[in-house]
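Close look at the chain arrangement
Listed below, chain by chain, are the residues.
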Amino acid sequence: MTGSASRSVRGAGSRISLWLALLPAAALLLLLIAPLGRLAVTGFTGEASWPGAASSSWTLWTPWQDDYLRWRVLWSLAQAAITCVLAFVLGLPLAWVLARFDFAGRALVLRLLMLPFVVPTLVAALGVLALWGPRGLLSGWLGVNLQDTPWLLLYGNLFFNLCLVVRAGVDALGQVNARQVAAARSLGATPWRAFWRIEWPAIAPWLMSSLCLVFLYCFSGFGLALVLGGQRFATVEVEIYTLVAHELQLGQASVLALWMLVLTGSIALLYALLEKRLAAPSRIEPVLRQAPQGVAQWLALLAALAVLFFICALPVLAIVWRAVQAGWATWATLLDAEVRAALWNTLRFSATALALATLLGVLHALAAQRSVPWRAAAFLPFVVSPVTVAFGLLLLYPGWTASLPLLLAAYAVLAYPFVAKAMAAGLDSLPPQVLHAARTLGASPQRTFWRVTLPLLRPALRRGMAFAAATALGEFAVTLFLSRPEWSTLTTLIYQRLGHPGAASLDQAFVLACLLMLLALLAFLLIEWPVAERAAPSPSLASAVGVGVLRHA
Amino acid sequence: MLELRHISQNYGDKALLQDINLSVNAGEIVAMLGSSGSGKSTLLNIVAGLQPPLGGSVWFEGRDITHMPPEQRRFALMFQDFALFPHLNVRDNVAFGLIEQKQGKASARAKALAMLELLGLAGHARHKVWHLSGGEQQRVALARALITQPRVLLLDEPFSALDADLRASLRAEFKTRILAAGVPTLLVTHDEAEARAMADRAVRLVDGRLEALW
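1. Focus on the overall build of chain A
Within chain A, the regular secondary structure consists of 26 helices and zero strands. The 553 residues of chain A split such that 50% are buried. A separation threshold of at least 6 residues defines the contact pool for chain A, and within that pool the share at least 24 residues apart is 84%.

2. Structural notes on the overall build of chain B
A tally of helices and strands in chain B yields seven helices and 10 strands. Here the C-alpha radius of gyration of chain B, 17 Å, is about what a compact globule of 214 residues would show, namely 17 Å. The burial tally for chain B puts 47% of its 214 residues in the buried class. When contacts within chain B are restricted to residue pairs at least 6 apart in sequence, those whose partners lie at least 24 apart make up 69%.

3. So, the interface of chain B and chain A
On the side of chain A, 25 residues touch chain B, which itself brings 28 residues to the contact. The set of elements that each furnish at least two residues to the side of chain B that touches chain A consists of helix H2 (70-73), strand S6 (75-78) and helix H3 (90-100) of chain B.

4. Focus: the domain arrangement of chain B
Residue and element names in this part refer to chain B. Assigned domains of chain B: these are domain 1 (1-74 + 152-214) and domain 2 (87-149). If you average the C-alpha positions of domain 1 and of domain 2, the two centres end up 24 Å apart. With 10 residues of domain 1 in contact, the opposing surface of domain 2 contributes seven residues. Sorting elements by how many residues they give to the side of domain 1 that touches domain 2 places helix H6 (residues 164-181) first, with five residues.

5. Let's talk about the sheet that holds strand S7 (residues 152-156) of chain B
Strand-to-strand pairing in sheets goes through backbone hydrogen bonds, with the strands running parallel or antiparallel. Residue and element names in this part refer to chain B. If you trace the six strands from one edge of the open sheet to the other, you get S6-S7-S8-S3-S9-S10, paired in mixed fashion. Single-partner strands in this sheet number two, and they are S6 and strand S10 (209-212). The mean angle between the axes of side-by-side strands here comes to 20 degrees, regardless of whether they run parallel or antiparallel. With four bridges joining them, strand S9 (residues 201-206) and S10 adopt antiparallel strand pairing. Within S10, the position partnered with Val206 by the bridge is Arg209.

6. Brief notes about the sheet that holds strand S4 (residues 55-60) of chain B
Residue and element names in this part refer to chain B. In space, the four strands of this open sheet follow the order S2-S1-S4-S5, with antiparallel pairing throughout. Lying at the two open borders of the sheet, with one neighbouring strand each, are strand S2 (14-24) and strand S5 (63-64). In this structure, strand S1 (residues 2-11) lies alongside S2, joined through seven bridges in antiparallel fashion. Bridge pairing in S2 places Tyr11 opposite Lys14. Relative to the sheet, helix H1 (residues 40-48) contacts S1, S2 and S4, its axis offset from that of S1 by approximately 125 degrees.

7. Notes on the confidence of the model for chain A
Residue and element names in this part refer to chain A. Summary statistics for chain A give a mean pLDDT of 83 and a share of 89% for residues scoring 70 or more. Confidence scores differ between elements of chain A, with helix H26 (residues 541-549) showing the lowest mean pLDDT of 45 and helix H3 (residues 67-100) the highest of 94. Below pLDDT 50 for its whole length, residues 1-9 participates in 11 contacts with residues either more than four positions away or in separate chains. Note on residues 532-553: pLDDT under 50 across the span, and 56 contacts to partners over four residues away in sequence or across chains.

8. With respect to helix H20 (residues 404-428) of chain A
Residues and elements named next belong to chain A. An ideal rise of 1.5 Å per residue puts 36 Å on 25 residues; H20 measures up with 36 Å between its terminal C-alpha atoms. In the structure, H20 departs most strongly from a straight axis at Ala415, where the bend amounts to approximately 35 degrees and where the proline Pro417 lies between one and four residues downstream. For H20, the tally of buried residues reaches 20 of 25 residues, placing the bulk of the element in the interior.

9. Here we look at the packing of helix H16 (residues 337-368) of chain A against helix H22 (residues 445-474) of chain A
A pair of packed helices is characterised by two quantities: the angle between their axes and the separation of those axes. Residue and element names in this part refer to chain A. As a packed pair, H16 and H22 sit with axes 9 Å apart at the nearest point and diverge in direction by 140 degrees. With respect to their mutual orientation, H16 and H22 come out oblique. As H16 runs across H22, the sense of the crossing is right-handed. Contact residues: Thr346, Phe349, Ser350, Ala353, Leu354, Ala357, Thr358 and Gly361 in H16; Gly464, Met465, Ala468, Ala469, Ala472 and Leu473 in H22. When grouped by side-chain class, the residues that make up the contact of H16 with H22 number nine nonpolar, five polar and no charged.

10. Examining the nonpolar core
Among the nonpolar cores identified, the biggest contains 250 residues, and A:Ala410 and B:Leu154 are the most heavily contacted of them. In terms of residues, this core owes the most to one element, H20(A), which gives 17 residues. Counting contributing residues, this core receives three or more from each of domain 1 (1-74 + 152-214) and domain 2 (87-149) of chain B. Among residues more than four places away in sequence, those in contact with A:Ala410 are A:Leu31, A:Val389, A:Ala390, A:Leu393, A:Val478 and A:Leu482.

11. As for the packing of helix H8 (residues 151-173) of chain A against helix H10 (residues 191-220) of chain A
Residues and elements named next belong to chain A. Viewed as axis vectors pointing N to C, H8 and H10 meet at an angle of 155 degrees, and their least axial separation amounts to 9 Å. Classed by the angle they form, the pair H8 and H10 counts as roughly antiparallel. The crossing of H8 and H10 is right-handed. Of the residues in H10, those touching H8 at Asn157, Phe160, Asn161, Leu164, Val165, Ala168, Gly169, Ala172 and Leu173 are Glu199, Ile203, Trp206, Leu207, Ser210, Leu211, Leu213, Val214, Tyr217 and Cys218. Along the lines of polarity and charge, the residues of the contact of H8 with H10 split into 14 nonpolar, four polar and one charged.

12. Observations regarding unusual backbone geometry
Glycine aside, residues mostly have negative phi, and peptide bonds are mostly found in the trans state. Residues and elements named next belong to chain B. With phi around 50 degrees, Ala83 is a residue other than glycine that occupies positive phi space. Take Ala83: it is sitting in the loop between S6 and H3. Its 23 C-beta neighbours within 10 Å are what place Ala83 among the buried residues. Even without glycine at this site, Glu157 takes up a positive phi of about 45 degrees. With respect to the helices and strands, Glu157 occurs in the loop between S7 and H6.

13. Examining the confidence of the model for chain B
On average, residues of chain B carry a pLDDT of 89, and 100% of them reach 70 or more. The ipTM assigned to the predicted complex is 0.77, against a pTM of 0.76.

14. With respect to the pairing of strand S8 (residues 185-189) of chain B
Residue and element names in this part refer to chain B. Counting buried residues in S8 gives five out of five residues, a clear majority hidden from the surface. Alignment of S7 against S8, held across four bridges, turns out to be parallel. Its bridge partner being in S8, Leu153 is matched across the sheet by Thr185.

15. Details of helix H6 (residues 121-132) of chain A
Residue and element names in this part refer to chain A. The end-to-end C-alpha distance of H6 is 17 Å, a good match for the 16 Å that 12 residues give at a rise of 1.5 Å each. Within H6, 12 of the 12 residues are buried, which leaves it mostly tucked inside the rest of the structure. Those residues of H6 that fall on the buried side of the exposure criterion are Thr121, Leu122, Val123, Ala124, Ala125, Leu126, Gly127, Val128, Leu129, Ala130, Leu131 and Trp132.

16. As for the environment of A:Ala318
All names here are of chain A. Here Ala318 is to be found in helix H14 (residues 294-325). Looking at Ala318, the number of C-beta atoms within 10 Å reads 22, which means it is buried. Those residues in contact with Ala318 that sit more than four places away from it in its chain are Gly127, Ala130, Leu131 and Leu137.

17. Brief notes about the environment of A:Ala503
Assignment of secondary structure puts A:Ala503 in helix H25 (residues 503-528). Distance in space between the C-alpha atoms of A:Ala503 and A:Leu224 is 20 Å, their sequence separation being 279 residues.

18. Points about the environment of A:Leu314
Relative to the assigned elements, A:Leu314 resides in helix H14. Not counting residues up to four positions away in its chain, the partners in contact with A:Leu314 are A:Leu131 and A:Phe309.

The rules we used
Residues numbered from 1 in each chain as written. Chains lettered and ligands numbered in written order. Predicted model: local features only at pLDDT ≥ 70, side-chain atom pairs only at ≥ 80, totals over all residues. Helix = DSSP H or I, 4+ residues; strand = E, 2+ residues; numbered from the N terminus. Buried ≥ 20, exposed ≤ 12 C-beta atoms within 10 Å, placed from the backbone. Contact = placed C-beta atoms within 7 Å. Rg over C-alpha atoms; globule rule 2.2 N^0.38 Å. Domains from an automatic or database assignment. Pairing = 2+ DSSP bridges. Axes fitted to C-alpha atoms, helices over the stretch in contact; angles between N-to-C directions. pLDDT = per-residue confidence, 0-100. Expected span 1.5 Å × (residues − 1). Bend = angle between axes of the 7 residues up to and from the residue. Parallel < 35°, antiparallel > 145°, perpendicular 65-115°, else oblique. Left-handed = near helix turned anticlockwise from the far one by under 90°. Nonpolar A, V, L, I, M, F, W, Y, C, P; charged D, E, K, R; others polar. Core = buried A, V, L, I, M, F, W, Y, C linked by C-beta atoms within 7 Å.

In structure tokens form, the structure reads like this:
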């Protein structure tokens, strides 16, 4: 074959990629990039408000000149930074204990660490309230009142992010080469010195990368800050929502949203640079796990499990406890027409969004095989907060704000990167020989895809779909912005109940959260369902965590 | 007869294969030796149709097949790591090629069972491939290749993942079965002893060019 023939083969491949990319590219362009562009223009030019709203003139620098707004921005940055420090200080020793000690139930603990990744944000917020809020499990018992303090939000942030740092740490410690540690020990290094001189340099880039994600998530988080931040400790995202939904000041909100975009974009860039440096060594001999020896090691293990239980499991259990305490009368409200409608909306919106997200995600992953920039494009919906997306859509398509197709399309765009990322990781781990073997045994490219590629990618696809389903089930911000009252979902209903005064409404919110958590748990089981057959090239645990954590970013 | 005419290929800017000419007759086993990175596997991929050459052509029975897609060539390629399909059981791995040849599933499976019987692997027919030892997996890979009655057999370091004792016994078994099938066979290896044990003729790939050894 001549050089031109070879080029024509590559050209055909590029053309196929182009066709595959068409649909996801259109979705990204129309539902993400164009709305962000509109938002940026509004942010620069200033004025835009609903009819009847008081006009105001903000410049691009107002958020840094006004005391109130500067506090909002600085607090948003500070709470993210504090969460990073706490997650690191607690997460590193926990990860080391889980990575190095062998004990009964270790695999289960590692699996349960995935649980927060599928818990809807609003449910997590309620979990924190169930512990520390009014009539809370711990606040009542200890006699403390954490309302209107930053601790509620920080606790909620840790609920999600401690698990992320621990899982990333465990995976990273699994990449440490035992021979290097042994060499260091034989050269006179104590275990402590060997950790800092050999293990830490190996795991630091992984941990830094995960901390970058923690920062990104906390900084652009909405649901937790809305429910737990209160008046004083709410973040910029909540401020944007308030300006749009309550004060009808789109121009002011777009200035803030533009700053959020700049700041989250910078952090996302830092994350991308860090991740580029991460490369798993191809052949290593991992450090062997040992059963804890002596009282100190057992105490370390028990302390680690206790911290994990306190931060990651207790909020979930507290919701169940508060829901049980609510009594039958409250449970009976699940049969109300309003709740049944919300459940039906949640299920049908999630199912539609999942179907769309799967289609977009699979096409995106297949197209991204040949294009690095296109692969990076799958990150876009992760780095832009749902509030910003919803607000951009509101600005760009004002006539469609209460349209079901737009709402569902927004759901799908926010959910499909999970499918795309999981599928891309699965495609990367497919050994080319297996596909070559199929071709030389007479299978055409299409037959190879159906008979070999797709069955081998099933675990990755299932994992991506489960995270996408969890995203759609727990979707909150976009629904608040773009929904109509009759399209109320479980999340918006919970939020409504939280806004009503009285203990009965709070109890109803806990019962609804229980129901939503049950649905999320189904998604979780789908992700971590033990696979009977070992389909060899399934993506690593690390990539599963990577996909999972982005659910909340 | 399989013929390679003036094949060339680059790796980046470096010439990996230069003016390669080689022919393999029916029933003949030709070994191709060379160090790691010398381009042996690339040449095998070109013959199998998995990669186009930069220049030159591949001929089979007097016909230029350079542009023919791999599934139409019926050249079976066996890999160093066996490349068995992990989602299929042993029987369905062996039957894979027959099903692609549009044979009915039942008939393909029956033939696969007969082939496994011949290789002493019938007891593993319903097992997933990872339950098998390295030697058993390699025999399944051979069964999967031979059952399609390939026109050419391409072996890419087929025994390098196995231990020394198993390698020796499998070499003899493979040679017997390949000769019985009577297909032209190109064996890529870096082990000269293996080449001497199996091949009728050997060539060495040095600096992108082929040298005849014996």
